[in-house]
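Spelled out from the first residue to the last, the chains are:
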Amino acid sequence: MNENEIKGDSYNKETVLDAASRCRNCNYCFSICPLFQSTRGFMSQTPSGILQSIKYAIKWDLLKGNEKETLRDLVYSCTTCNGCVVRCKAKATGIPVLEAIEAGRKILREMMIGPLPQQRKPLKDLLKNGNPYGEKPGKRFEWLQDLPVKRLPQEQADILLYVGCTLSYDQELHGLGRNLLAVFDGLDINYGVLENETCCGDPALRMGDEAIFQELMNANVRLFKEAGVKKIVTVSPHCFNTFSKEYPVQERQWSVRHYVEFLLDILKEKKAALTKKLPYTVVYHDACYLGRHNQIYDPPRELIAMVPGIRLVEMKMKKDEALCCGGGGGRMFAEVEEEPKLARTRINQAIDADADVLATACPWCYTMLMNAAKDMQATDKIKVMDITGLLKESMDTNE
Amino acid sequence: MKSSPPQTLIEDMERIVGKKYVSAHIFERIKNSLDTFPYEAERDSLPYVVVMPGSKEEISEIMRYANGSKVPVFIRGSGTSFIGAARYPVPGIVLNTHRFNAIELSEDYGYFECGPGCICASVEEALKKRGFFLPAAPGSRLIASMGGIISNNTSAHIVDTSIGKPGDYVLGIEAVLPTGEIIETGTKGLRRPAGTDLTKFFVGGDGLLGVITKIRMRLVPQFERACGIAVYKDLESVARAVQRMYMERRPAPFFMEFMEEKVAQIGYDLKGIESQRGAVVLFVTNADSKEEAARKADQILLSLSAEDPFEAQRIEDAVLWEKLWSAREVIGSFLMQQSGNQWASAEVVSNLKDLPECLNEAANFNKGLPVLSQLTSYLFGHIGGLTMHPGVIIPKDWDNEKKKKAIDEKFQREEELNLKYGTCGGEWGQFSKRTSFFVKRYGEKGYGLVKDMKKVFDPNNILNTGLLED
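Residues numbered from 1 in each chain as written. Chains lettered and ligands numbered in written order. Predicted model: local features only at pLDDT ≥ 70, side-chain atom pairs only at ≥ 80, totals over all residues. Heavy atoms only, no water.

## Details of the overall build of chain B
Here is step 1 of the chain: Across its full length, chain B carries 15 helices and 20 strands.
Here is step 2 of the chain: Relative to the compact-globule value of 23 Å for 470 residues, chain B shows a C-alpha radius of gyration of 23 Å, a close match.
Here is step 3 of the chain: Overall, chain B is about 70 × 55 × 45 Å in size when its C-alpha atoms are taken along their principal axes.
Here is step 4 of the chain: Within chain B, buried positions represent 61% of all 470 residues. (Helix = DSSP H or I, 4+ residues; strand = E, 2+ residues; numbered from the N terminus. Rg over C-alpha atoms; globule rule 2.2 N^0.38 Å. Buried < 20%, exposed > 50% of the residue type's maximum accessible area, 1.4 Å probe, protein only.)

## Quick word on unusual backbone geometry
Residue and element names in this part refer to chain A.
Here is step 1 of the chain: Here the amide bond leading from Gly-114 into Pro-115 is cis, since omega sits at 0°, within 30 degrees of zero.
Here is step 2 of the chain: With an omega of 5°, the peptide bond between Glu-339 and Pro-340 qualifies as cis.
Here is step 3 of the chain: Examined against the element boundaries, Pro-340 turns out to sit in the loop between strand S7 (311-313) and helix H15 (342-352).
Here is step 4 of the chain: The phi dihedral of Asp-61 is positive, around 55°, even though this residue is not glycine.
Here is step 5 of the chain: Topologically, Asp-61 is positioned in the loop between helix H3 (47-59) and helix H4 (68-75).
Here is step 6 of the chain: In this structure, Gln-295 takes a positive phi of about 55° despite not being glycine.
Here is step 7 of the chain: Mapping Gln-295 onto the fold places it in the loop between strand S6 (281-284) and helix H14 (298-306).

## Some thoughts on empty space enclosed by the protein
All names here are of chain A.
Here is step 1 of the chain: Per the stated rule, a full pass over the model turns up seven cavities of 30 Å³ or more.
Here is step 2 of the chain: Each pocket or cavity is described by its volume, and for the largest cavity that value is around 150 Å³.
Here is step 3 of the chain: The wall of the largest cavity is formed by 17 residues, among which Cys-165, Thr-166, Ser-236, Cys-239 and Trp-364 lie closest to the centre.
Here is step 4 of the chain: Elements that contribute at least two residues to the lining of the largest cavity include exactly helix H8 (165-169), helix H10 (202-206), helix H12 (237-246) and helix H16 (363-375).
Here is step 5 of the chain: Among the elements that take part in the lining of the largest cavity, H8 stands out by supplying three residues, more than any other.
Here is step 6 of the chain: Split by residue class, the lining of the largest cavity holds twelve nonpolar, four polar and one charged. (1 Å grid on protein atoms, 1.4 Å probe; cavity = no way out; pocket = protein on both sides within 12 Å on 5 of 7 lines; lining within 4 Å. Points joined across faces, edges and corners; volume = space filled by probe spheres on them. Nonpolar A, V, L, I, M, F, W, Y, C, P; charged D, E, K, R; others polar.)

## Focus on the packing of aromatic side chains
Here is step 1 of the chain: All chains considered together, the criterion is met by 32 aromatic pairs over all chains.
Here is step 2 of the chain: With a centroid separation of 5.9 Å and 75° between ring planes, the pair formed by Phe213(A) and Tyr247(A) is classed as edge-to-face. On the criterion of sequence distance, the pair formed by Phe213(A) in helix H11 (residues 210-226) and Tyr247(A) in the loop between H12 and strand S5 (255-258) is long-range, its members being 34 residues apart.
Here is step 3 of the chain: Relative accessible area serves as the criterion here: at 4%, Phe213(A) is assigned to the buried category.
Here is step 4 of the chain: Taking the centre distance of 6.1 Å and the plane angle of 75° together, the rings of Phe37(B) and Phe411(B) count as edge-to-face. Placement of the pair is Phe37(B) in the loop between helix H2 (26-31) and strand S2 (49-51) and Phe411(B) in helix H14 (residues 400-420), with a sequence separation of 374 residues. Considered together, Phe37(B) and Phe411(B) belong to a single accessibility category, that of buried residues. (Phe/Tyr/Trp six-rings, centres within 6.5 Å; stacked < 30°, edge-to-face > 60°.)

## Remarks on the interface of chain A and chain B
One widely used convention gives an interface's size as the accessible area the parts lose upon coming together.
Here is step 1 of the chain: With 42 residues of chain A at the interface, the matching set in chain B holds 42 residues.
Here is step 2 of the chain: Broken down residue by residue, the surface that chain A buries against chain B is led by Arg24(A), Met43(A) and Trp60(A), which jointly contribute 22%.
Here is step 3 of the chain: At the junction of chain A with chain B, the criterion picks out five salt bridges.
Here is step 4 of the chain: With a shortest N-O distance of 2.9 Å, Lys55(A) and Glu40(B) are connected by a salt bridge.
Here is step 5 of the chain: At the surface where chain A touches chain B, the tally comes to 20 residue pairs in polar contact (both at pLDDT 80 or more).
Here is step 6 of the chain: Going through the elements one at a time, helix H1 (9-22), H3, H4 and helix H5 (83-91) of chain A are the ones with two or more residues in the side of chain A that touches chain B.
Here is step 7 of the chain: Per element, the largest residue contribution to the side of chain A that touches chain B is eight residues, and it comes from H3(A).
Here is step 8 of the chain: For the side of chain A that touches chain B, a count of residues per class yields 16 nonpolar, 14 polar and twelve charged. (Contact = heavy atoms within 4.5 Å. Buried area = accessible area lost by both parts, 1.4 Å probe. Salt bridge = Lys/Arg side-chain N within 4 Å of Asp/Glu carboxyl O. Polar contact = N/O pair within 3.5 Å; in protein donor to acceptor, adjacent residues only side chain to side chain.)

So this is what it looks like as C-alpha cells:
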C-alpha cells in the first residue's frame, strides 16, 4: 500500500482486531491512563477498555446499534497521550493500543458516528479555513504584522518557523509567540514564516478524519516545496510529531525539529546570550507529543537548566510517566468528562514540587495549564510559562 | 444460579449509589466480563450492570436488594485474577470497589487502614514515604487492588517462610455480609486475637463470605537488603541447593527467584548481561541493618555453594542487580511481544522433600497434554517459596475452543502435580478454575464444609456466585 493512501475500513478493523486479540486484559495500562484517573473509574474508560469496546462493536455488530454513541464517547475520550503504549511495552504485551484506538476513530468517522458533536465544527473549519478555530486564513499572521519577520516564499530563509494554528489565532498566546521570535532574533537565526501556512493536520487525524488530514498534508507539502523549505522548526509538539511521523517519508524533503532541540543546539554554542539570572524554581511539564511520543525528555530540561539562576525541580509524575494536561487527542475541541481536571492535578503537582514556575513547550499544554491555574486562583503560587518566556527573560532582549 | 433481573434493576442501583456511579452500557459490561484468559467474552453471561458504591451503607443496601431479588453480585477490584475469579459464569451486578481507595496511616496506633479499591503500588508508596513497607509483592502491583490481595491472602513473590502472608499483618477488617449486615472484626491493638477471629473468614476467603470495605494492617518498618546470585548446570542442582538452604537452617530469603537456562538467557540477552549460561537463582535477604542482611545472604550462599554452582556470590553492584532482577521480570512480556501472542502460566508448588522431582516435572509441564504439548514451555518462579510458574505462549490465532482447552489443560496438569506433591497454590486463590483441585485435595467433606460455611454467610448464594460449583 502506498504510504500516502487513505487506509480503508478493513485495514482499520484489522488493526483493532489484531491489537485486541493480543491484549491480555492485564489492565496495567489503567495505572498510567489519564482518562482512568480523571473519570469515575469505570473499566471501559481505560485503554484496554476502549480497545475491547471497539473490538466487540465490530465482532458483535454494535456499530449500528443504539449504543454507537456510547462507543463514540468512549473512543473519543482518549487523550492520545501514549502512556498505555509505553506501559504495555514495558510491562505487558507491547501492543499498539493507541494506533488501534485511532483506527477505531477512523472507523467511527467513516460511518459518520464520530467525531464528538463539538468536534464537527472544528473539522469543517479545518477543511474550509485550514485551521480548527473558524478563523479566516488571512488573519493567521496578523499578530506579527508589526514585526520584521520574513515571509516565505517571497523571501528566503534558512529555517521555516512553522507557527501553527493555536499560537496564531489564540490571542492569549501571542505573547508566547513574540517571546519566541525575540529569542530567534536575539540568536541571529535566519528564519521566516510560510505566507500561506495551513494546519499540519494533527487535529483531523486525532479526530479520525483521514481525508481532511490528507487535504491539509497535500497543501503543506506543496507549500513547502514551492518555498524550497529544507529545515522546519515547529512551536507545537503536535505539529512536530505530525510532520515527522505522519507525513509520508517520500514527501519529506526537509528536516523537522521542535524548537526545544533546535534552540538547545544553538544555545550550547551561544550560552553567553543568556545573561540575566532568573531566581526561579522551575518544574517542567512533559508534553505527551514531545515526551512519550518522541522520547524528547532531556532537551527541554537542559534548555531550562542553561538559564542562569534557575533551579530545576521535578514533579511526582515526570518523563514517560508524566500526566497529560488533557488537551490532546482532539479534546481541545470538546468537553469530555474530567473530574478532577487533569490540568488542575498537574498544577497541584507543580505546587507540591515547590516550584514557582511551571514551564511548558506546547501551546495546548500552556493553554490548559494556564487556564487551570487561573480557575484555581493559583497564579500567585505558580506561574505558567513557555520555555521561550524564560529564555527571552534571560536574554533580556528588546522586541 | 441464573435469574432474570428486576426490570427496575438499573434505576434501583441508581437510587442507591447515584446515577453517575452506575453503568449499564454494553461496553462497560463487556470489559467487566473479561479477565486474563485469552478467550472471548460470552454474551449470555455479561453482567447486567456495574455499580460503584462509595460507602459501606450503599454496599449493604445493594446486598439486601440482591438478596431480595436473587440477583448475583460479583465484587471486582482490578480484574487481574489468574484463576477465573474475575470471569463470571452468570449475569449479575458487578460491584466495583474503585471508590474505596482511601489509605490512612495511624502511626500512633501502629497500623494503617485502607479500602479494598486501593492499588497495591499506591499503598506501597504511601507506606514507603513514612518508612514502612507492604508485606505483599504481586507482579501486578501497579494495578492489583488490596481487596484482591487480602481476599487471596497472597504475599505473591515474597517467600512466605521469610515474613509470612499479608494475613499475618491484618489486624482486622470491616465487611458487609452477603445479607447486608455490616461487621467489624479483629482489633485496633497490635496483637491479633487469640482464639476465634472472624477476620480469618475474610482474609484468604476468596471473596465468598462478604465484601471487605476496610482493611487494617500492622505497620511494618522498612528494612535493609542484600542480594545474591547462584548459577547451576541444571534444575536438579537448583532444587538440591534450595533443599540444603532449608535443611541446613539458613535464614529464609525475602525473595528467591529462579529461571531455567533458556529463560535466563532470554532475559540476559534483553538486558545486555554477559554471564555464565545455566539455571539461575536470584535472592534477596532482609534485615535491620545492611551488615545483617549481608550476613544472612552469606549464610544462604554457604548452602547454595555446596551444589557445585558455576558461580554463587553476593551482588553489591546496584546497577548490575537491577539488570539481573529486571531480566527475570521482563520474561513474560518479552515472550508475548516477540510472538505477538498471550502468556498463560500455572502455579505448581512442591513440598521440600520432593523438590528435585517436582521441578523436573514442572520443566516438562506440557508433556502428554494434547493441546499444550504443541507449545514450548518456559519455566521460572519463586523457588524460595517452592513455587514454579511453567508458562506457555498461546497463539492468538487459535480458535476460541482451542484456547479454552489450553487453559483447561493448564489447570488439569497443575492439579495433578499439586495433588501428587500434597501442596496447593499459594498465590492465586483456591476456587473457580481450581474447584476440582480443592475437592480432590481436601475431599467432598472438606469442600462440603466450605459450601456449608458459605451458606451460613450467604444463604441465597448471592455473592460471587459460581466461584463454588453447586
